[in-house]
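Observations on chain architecture
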Amino acid sequence: MPDPLSLPAIHASHVGIWIADAKGRAQRVGRGEAIAAVAATPHLLLNATLTGDRLGYPELSGLDLLELFAFLYPARFTVPTPAGFAAALRLTAPGSEDEIAAFLPKAAAAMLASLGDPDWSEREGAWHGAQALARQRWPWAPLIQPRLAKPDGNERWLFARLPEWEETSPRPAPRQTTIDEADVTARLDRLTGDGAERRPGQRDYARAAAAVFAPRERRDALQMLVAEAGTGIGKTLGYLAPAKQWIDQSAGAICISTYTKALQRQLARETEKLYPDAATHREKVVVRKGRENYLCLLNLEDALQGGFSGRAAILAQLVARWAAFTRDGDMIGGDLPGWLPALFRRNGTTALTDRRGECIYAGCPYFRKCFIERSARAAAQADIVIANHALTMVQATRPREGAGAAPSRLIFDEGHHLWDAADSMFAAALTGQEAVEIRRWVLGPEGKSRGRRRGLAARLADVASYDEAGDRAIQAAIAAAAELPGDGWLGRLAENEPWGAVERLLVAARAMVYARAVDTRAADGGYGLETELADPDPELVAAAASASDAIEALLRPLMALGKRLEALIEDPPDWLDGQARARIDGARHSLGTRVDTLGGWLSLLGRVGGPADPDFVDWLAVDRYDGREFDCGLHRHWLDPARPVADIVYAQAHGVLVTSATLRGGGHSSGGWAEADIRTGARHMDGGVRHFAVPSPFDYARQAEVLIVTDIARGDLPALAGAYSRLIEAAGGGALGLFSAIRRLRIVHARIADRLARAGLPLFAQHVDPLDTGTLIDIFRADPHASLLGTDALRDGVDVPGDSLRLVVMEGVPWPRPTILHAARRAAQGGGAYDDMVIRGRIAQAFGRLIRRADDFGQFVMLSPGVPSRLLSAFPDGTPIRRLPLDEAVSHVAAANVERRKSAFRAFSPS
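Cut-off values and rules
- Residues numbered from 1 in each chain as written.
- Predicted model: local features only at pLDDT ≥ 70, side-chain atom pairs only at ≥ 80, totals over all residues.
- Heavy atoms only, no water.
- Helix = DSSP H or I, 4+ residues; strand = E, 2+ residues; numbered from the N terminus.
- Buried < 20%, exposed > 50% of the residue type's maximum accessible area, 1.4 Å probe, protein only.
- Contact = heavy atoms within 4.5 Å.
- Areas by Shrake-Rupley, 256 points an atom, 1.4 Å probe, with all protein chains shown as cover.
- Lys, Arg positive; Asp, Glu negative; His and termini not counted.
- Charge placed at Lys NZ, Arg CZ, Asp CG, Glu CD.
- Core = buried A, V, L, I, M, F, W, Y, C linked by side-chain atoms within 4.5 Å.
- Phe/Tyr/Trp six-rings, centres within 6.5 Å; stacked < 30°, edge-to-face > 60°.
- Lys NZ or Arg CZ within 6 Å of the ring centre and 35° of its normal.
- Pairing = 2+ DSSP bridges.
- Axes fitted to C-alpha atoms, helices over the stretch in contact; angles between N-to-C directions.

Overview of the overall build of the chain
A count of helical and extended segments in the chain gives 38 helices and 23 strands. For the chain, the spread of C-alpha atoms along the three principal axes comes to 85 × 70 × 65 Å. Burial analysis of the chain (911 residues in total) assigns 55% to the buried set. Considering only contacts within the chain whose residues lie at least 6 apart along the sequence, 75% involve residues at least 24 apart. Accessible surface, the chain: about 38500 Å² in total, of which carbon and sulfur atoms supply 50%. Side-chain charges in the chain split into 108 positive and 112 negative, and the spacing between the mean points of these groups amounts to 3 Å.

This is the structure we're talking about:
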């Protein structure tokens, strides 16, 4: 092992602060002494942002080992903890907090030794990258440059190294074929492995899923299966087995849609069993996300050539290193380490991704190397496309020309989230922020604003010079867009000095919200306010009429421009080569999206002063955070958002499988399929919908326990914090704490983090620690003594089998927020029964985090004395449920922890 670097190092946690001197001698110091030391001399540290938070010194800088790791090993991931680094570098992990500071120089030396290793696989581009980072005064550059030999020849620049995608012929339509159940069972056996236990439930599920791959009997006769598969059934392989059988027989393609990026990654790993060869897997399986997730090469070039400065310029260089080695350019949940952007606080990655309205498609010099375009073309040829619900709905609603035929079979995993995804996708919002976005898309940069975003006139200059009618449409759109809100609109609203018709509408909407909103608790807390769009006052009606005229004045020329672009494609002029055609196709797609948005706004404005549409819920809102307004406007949501899913998304497929572990709201005693059919849209299909359910194979009577604590009063934050602390201590960590409000999460974390740390139990939290959710889960999974606090994202997106998650604590019953939208749906769907359906689903999802394997044991604690008995059907049948005071609950948890330790001792002790 290389000798440790002769540099000081610092480690700070909730327990204390340690500094190791240049000779590796560590001592505990006070906060003031530590801040003085790091301000005077750069120290080695692990995660400067987190360390700065622990010190109370956010300006902290130094030699961050995470930045060095990102430079040396781009597109690799490590858990950003001392133990994670030790595992990645094959070093001995520090045994206690006071050893970490002395460990950091050893880890740094081990990484720097890679520079001289002939087998270092990420050498290409490193020398030039180091020179560029040295010009940005990166602290690691002086240590890297002497150790990194200059390459013999000229290194290719990043943009020259990236491969170009090529056009391919469209994929042929799948052959009509019927798959045999015996073949499906045999394939499932191969996927699970020769020595695997045969699970009858998984086999039954696979055979049921095969039905969606049968040929349709008539055009409108969709083959649809709504299937609930309890946790532990292995539903992913259960539907992949018939899917792969159908792919092989029909030469067709399928789309698997899920809800979160973490679940997309998980599905991609599962499909490796279908295509064990890595190269084949890359060709046959493509993960697809929205454009905003991918690195934009033109934005990166701008950043590298002076568009970024200071810390942001260092981030750009590290992202450039990653771009040369990434699999697909996915910056959000892909192979860019999730902790990297967090190191740069506000100088994050959003300026490097594809922002709305910015892409110039084939007009970009890197169009043929573009990660987004490469992904789209790879997906058109892939056997399996793994998308998220939002993107699947976008592609069904606004299919992109040249993208090929959509897969005829759709699988919606985590199908209980379809309702929420559709609710966002098919909503309309005429707000200040949305209107500003449209204005910028039409006009381009104004005033002092920077960036390479260009307006319509710049993007379509060649069209305007060739086509007189097209030029008139562009100029009319530019004139009309001036009526939309511009920079400074929030300040003008507050001062009641609006510019333009749409700002006058927002002023009237804001006044009506403040006049009629009745939730004084929300007002005192600084959160958003809202009121129904009913009986509007005369000022709002008049403002809506003027705004409608202004929006229609913009919509008309945009629609005319769309027709002129279509005419150019149908009867191309001589100058319209392949690249120009692709650019105009991109402009047409972007134009269509804005036309749809403006059309939705007009429909919403037609409601002001007019009759209500029974299919929609309309309201006015002022959005605030911590007392500060950030948006204002009119909103429209479908009363039943699953209806457009059925009408638009399902209607384009031949077969659809919607599956989840909790489609019916939890335990099997919760009733029939009515809830599932509501949430998935199956009730809007004309017959042909099949239902299938298979319970979890886990023995919940033996493996789980539900404890309902009866003596924690709602709203008593000191008691709530004390309960979390005592329960986590009793469990020895391994706890997932779930909250329905960020404010309470932060208060509880602030009260208990130091106490738990002194007990050797690290505590991490969403919305507190400067780390992305995925990294927090990775840290939690890697350390069985760690605990994690979070909100809804953790209730649904955590998959931590084994000992690292053995206790789930919910602060109380997850009641729905009493919003106008919820009230309307509650009234339409049966009142309290609708609330119960929502709550049971949330509880069931949270409980589902607990038992992931046959050898797991866990306890689920609800800190609420008033949990209604009717909601307890959310838990699987047979699960023991006890109502008891906190002291007894702590004793139960402590006893389980003692038994766990005894079992571990027996497992590892010699016979």
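Some thoughts on the nonpolar core
Counting residues in hydrophobic clusters, the biggest one holds 116 residues, and the most contacted among them are Leu65, Trp140, Ile144, Leu295 and Phe860. Leave out the neighbours within four places in its chain, and leucine 295 touches Leu300, Val319, Trp322, Ala323, Gly329, Met331, Leu352 and Phe371. One finds Ala473, Ala480, Ile584 and Leu591 within the second-largest nonpolar core, a separate group that totals 56 residues.

Quick word on the packing of aromatic side chains
Centre-to-centre distance and the angle between the planes together describe a pair of aromatic rings. On inspection of all chains with the given rule, the structure shows 16 aromatic pairs. Here tyrosine 700 and phenylalanine 847 contribute two aromatic rings whose centre-to-centre distance is 5.7 Å and whose plane-to-plane angle is 50 degrees, an arrangement assigned as tilted. You can see tyrosine 700 sitting in helix H31 (residues 700-703) and its partner phenylalanine 847 sitting in helix H37 (residues 832-847), a full 147 residues away along the chain. Clustering of aromatic rings is evident, with ring pairs tying together Phe698, Tyr700, Phe847, Phe860 and Phe875. Its guanidinium or amino end placed over the ring of tryptophan 165, arginine 377 lies 3.8 Å from that ring's centre, counting from NZ or CZ.

Re the sheet that holds strand E6 (residues 223-229)
Taken in spatial order, the seven strands make up an open sheet running E8-E9-E7-E10-E15-E6-E16, and their pairing is parallel. Each end of this open sheet is capped by a strand with a single partner; those strands are strand E8 (285-287) and strand E16 (689-694). Adjacent strand axes in the sheet meet at a mean angle of 15 degrees when their direction is disregarded. Summarising the sheet, E8 and strand E9 (residues 384-388) pair through three bridges and their orientation is parallel. Within E9, the residue paired with valine 286 across the bridge is valine 385. Each of strand E7 (254-258), E8 and E9 is contacted by helix H12 (residues 261-270), which is oriented at about 165 degrees to E9, the strand it contacts most.

Overview of the pairing of E7
Regular strands place their side chains on alternate faces of the sheet. The element E7 is largely enclosed, with a buried count of five among its five residues. With burial as the criterion, each face of E7 is covered, one bearing Ile254, Ile256 and Thr258 and the other bearing Cys255 and Ser257. Bridge count for E7 against E9 is five bridges, and the pairing is parallel. Looking at E9, one finds that isoleucine 256 is bridged to isoleucine 386. Pairing of E7 with strand E10 (residues 409-412) involves four bridges; the strand directions are parallel. For isoleucine 254, the partnering residue across the bridge sits in E10 and is arginine 409.

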